[in-house]
Amino acid sequence: MKKAFITGVTGQDGSYLAEFLLEKGYEVHAIVRRSSVFTTQRIDHIMEHPQFNTYHGDLSDSSNLHTLLAKIQPDEIYNLGAQSHVAVSFEVPEYTAEVDAVGTIRLLDAIKDLGQKPRFYQASTSELFGGIPETAPQSELTPFYPKSPYGAAKLYAYWVTVNYRESYDLYACNGILFNHESPRRGETFVTKKITKAAARISQGKQKVLKLGNLDAKRDWGYAKDYVECMWLMLQQDQPDDYVIASGETYTVRQFVEWAFESLDIQIRWEGHGVNEIGVNTKTNEVCVEIDPKYFRPAEVDLLWGNPAKAKEKLGWEPKTSIKELIDIMVKYDLKYDTYGGSEE
Ligand code: NDP
Ligand code: GDR
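Small disclaimer: the values here were computed from a predicted structure and weren't measured.

Even after reading the chapter, I still don't get helix α10 (residues 322-335), so can you show me in this structure?
Along an α-helix, a turn takes 3.6 residues, which lines up residues three or four apart on a common side. Between its terminal C-alpha atoms α10 stretches 20 Å, which fits the 20 Å expected from 14 residues at 1.5 Å a residue. For α10, the set of buried residues is I322, L325, I326, M329, V330, Y332 and D333. Looking straight down α10, one finds that the buried residues subtend no more than 160° of arc, so they occupy a single side. Residues of α10 that are exposed and point over 90 degrees away from its buried face: K323, E324 and K335. For α10, the secondary structure elements touched by its buried residues are β7 (180-181), α6 (190-202), β10 (221-222), β12 (250-251) and α8 (252-261).

Explanation requested: helix α4 (residues 93-112) in the structure shown.
With 20 residues, α4 ought to run about 28 Å at 1.5 Å a step, and its terminal C-alpha atoms sit 28 Å apart, in line with that. Along α4, the sharpest kink reaches roughly 35°, centred on V102. For α4, the full list of buried residues reads T96, A97, V99, D100, A101, G103, T104, R106, L107, L108, A110 and I111. For α4, the elements touching its buried residues are α2 (62-72), β4 (76-79), α3 (86-91), β5 (119-125) and α5 (149-168).

For this particular structure, what's the right way to read the packing of helix α1 (residues 12-23) against helix α7 (residues 223-233)?
A pair of packed helices is characterised by two quantities: the angle between their axes and the separation of those axes. Where α1 contacts α7, the axes come no closer than 9 Å and their chain directions differ by 65°. α1 and α7 meet at a crossing whose hand is right-handed. Residues Q12, D13, Y16, L17, F20 and L21 of α1 pack against A223, K224, V227, E228, M230 and W231 of α7. Taken together, the residues that form the contact of α1 with α7 break down as eight nonpolar, one polar and three charged.

Just checking my understanding: could you explain the site of ligand 2 for this structure?
Taken together, 22 residues surround ligand 2, and among them V86, T125, V190, G212 and A216 come closest. If you list the elements that add at least two residues to the shell around ligand 2, you get α3 and α6. A breakdown of the residues in the shell around ligand 2 according to their chemical character gives ten nonpolar, seven polar and five charged.

Is there a simple way to explain the site of ligand 1 in this structure?
The environment of ligand 1 is made up of 27 residues, and the closest members are G8, G11, G81, A82 and A123. Counting only elements with at least two residues in the shell around ligand 1, the list comes to α1 and β5. In terms of residue count, the dominant contributor to the shell around ligand 1 is α1 (three residues). Here the residues of the shell around ligand 1 sort into eight nonpolar, 16 polar and three charged.

Quick question: what am I supposed to make of the UniProt feature "domain: NAD(P)-binding" (unreviewed entry) in the protein here?
The UniProt record annotates "domain: NAD(P)-binding" (unreviewed entry) at residues 5-329. Secondary structure over residues 5-329 splits into 36% helix and 18% strand, and the C-alpha atoms at its two ends are 28 Å apart.

Just to check I follow, could you spell out the environment of N179 for this structure?
With respect to the helices and strands, the residue N179 is situated in the loop between β6 (172-177) and β7. A C-alpha to C-alpha distance of 5.0 Å links N179 and W220, two positions 41 residues apart in sequence. The residues contacting N179, other than those within four sequence positions of it, are S126, R218, D219, W220 and L303.

Looking at this model, I keep getting lost on the packing of α6 against α10. Mind explaining?
Look at α6 against α10: their axes get within 8 Å of each other, and the N-to-C directions meet at 50°. Between α6 and α10, the interaxial angle falls into the category oblique. When you trace α6 past α10, the crossing you get is right-handed. Seen from α6, the contacting residues are T191, K192, T195, K196, A198 and A199; seen from α10, they are I326, M329, V330, D333 and L334.

For this particular structure, what's the right way to read the environment of K224?
The residue K224 is located in helix α7 in this model. The exposure class assigned to K224 is buried, which follows from the 22 C-beta atoms found within 10 Å. C-alpha of K224 to C-alpha of A101: the two residues are 123 residues apart in sequence and 25 Å apart in space. Excluding anything up to four places from it in sequence, K224 contacts Y16 and S182.

Procedures and definitions
- Residues numbered from 1 in each chain as written.
- Chains lettered and ligands numbered in written order.
- Predicted model: local features only at pLDDT ≥ 70, side-chain atom pairs only at ≥ 80, totals over all residues.
- Helix = DSSP H or I, 4+ residues; strand = E, 2+ residues; numbered from the N terminus.
- Expected span 1.5 Å × (residues − 1).
- Buried ≥ 20, exposed ≤ 12 C-beta atoms within 10 Å, placed from the backbone.
- Arc of directions from axis to C-beta.
- Contact = placed C-beta atoms within 7 Å.
- Bend = angle between axes of the 7 residues up to and from the residue.
- Axes fitted to C-alpha atoms, helices over the stretch in contact; angles between N-to-C directions.
- Left-handed = near helix turned anticlockwise from the far one by under 90°.
- Nonpolar A, V, L, I, M, F, W, Y, C, P; charged D, E, K, R; others polar.
- Near = placed C-beta within 6 Å.
- UniProt positions renumbered as here; feature names shortened; annotations may be inferred.
- Parallel < 35°, antiparallel > 145°, perpendicular 65-115°, else oblique.

Here is the structure:
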């Protein structure tokens, strides 16, 4: 039985990955941060699984990581733990570097000292590219230009993963994943914020959705499709780095229109800049407003990935279109106010 070790298991991706690996027959070990409230909503349904084991742990604590890895001796490590919010990284830049950058080298260094070296997956990101329009669509060959403390911290993590692969012959891979979403997406990321608000507005529970930059373009996919490629990357003959994306890009504004449309609400845009509003064409009520507090000190304008290498080498392709993804998220949000576990 193969053993996997996951950081970030209480997050969106970690929870789907843990389910995926348990279904494949893995013994799954994962760290959970101590908190004054419960943070295990996304994994409560697998907590009692006989092959699922959790430990208190933190990427800021080397001794904890060394001890656990020496004890567990995993075959595969998936480093998904991170302060993952781009806007928040401008407010807690040092902490973001501590966890996202230094946390990665703590893990890699612990691996280097193990007798039997586990394979290593690093959760790299399209934020490495910084969204320079001239470089789109972005592939593994596109130059990096991170535009946030988060992106810069992940750049360090990307390069130490490559460096430890080359220096110590580790099987270590970067998955350069573009945005991926689901009913489990954190509620302060734009897609979940939109689908949740659209569902609540359609039910009369909320009046207005307040957003920042509507013109940013993102390449959005479904998280459940994306975790499979993390595993695929660790099953190849040679370690490598891969872009994982849908290959399509849309504005935040378009995402808003489609989310409301899926609830039979059409939006008419009026005004410009911070005065722009989205009006429900049936009721003439304002349902979208701009709040400058959601603008970032630096914006990533255009992310659009080219997943050709993943298709060719891993045989991976996204299965879920953006409209299907919106439907999955909106249906869930109509049923539950916060993440409630069951998506079936
Ligand atoms: P989430 O924000 O949903 O989950 C982050 C996870 O990291 C949580 O389990 C969180 O724990 C944990 N974590 C935070 N700080 C620490 C720490 N100090 N020590 C250990 N664990 C910690 O992120 P996603 O699931 O969306 O993303 C997973 C990974 O993939 C992240 O590294 C993210 O940066 C990266 N990524 C995500 C993309 C996306 O579109 N979702 C795209 C590209 C990369 P807690 O629950 O206690 O907060
Ligand atoms: P991103 O995702 O920054 O791409 O990082 P997010 O959903 O936060 O923002 C996407 C775009 O939407 C714009 N936006 C808003 N964003 C948020 N959060 N809230 C708003 O109200 C709002 N209004 C407009 C943003 O300016 C941005 O342009 C995600 C994270 O999962 C990272 O961890 C991951 O690495 C990248 O995706 C790929």
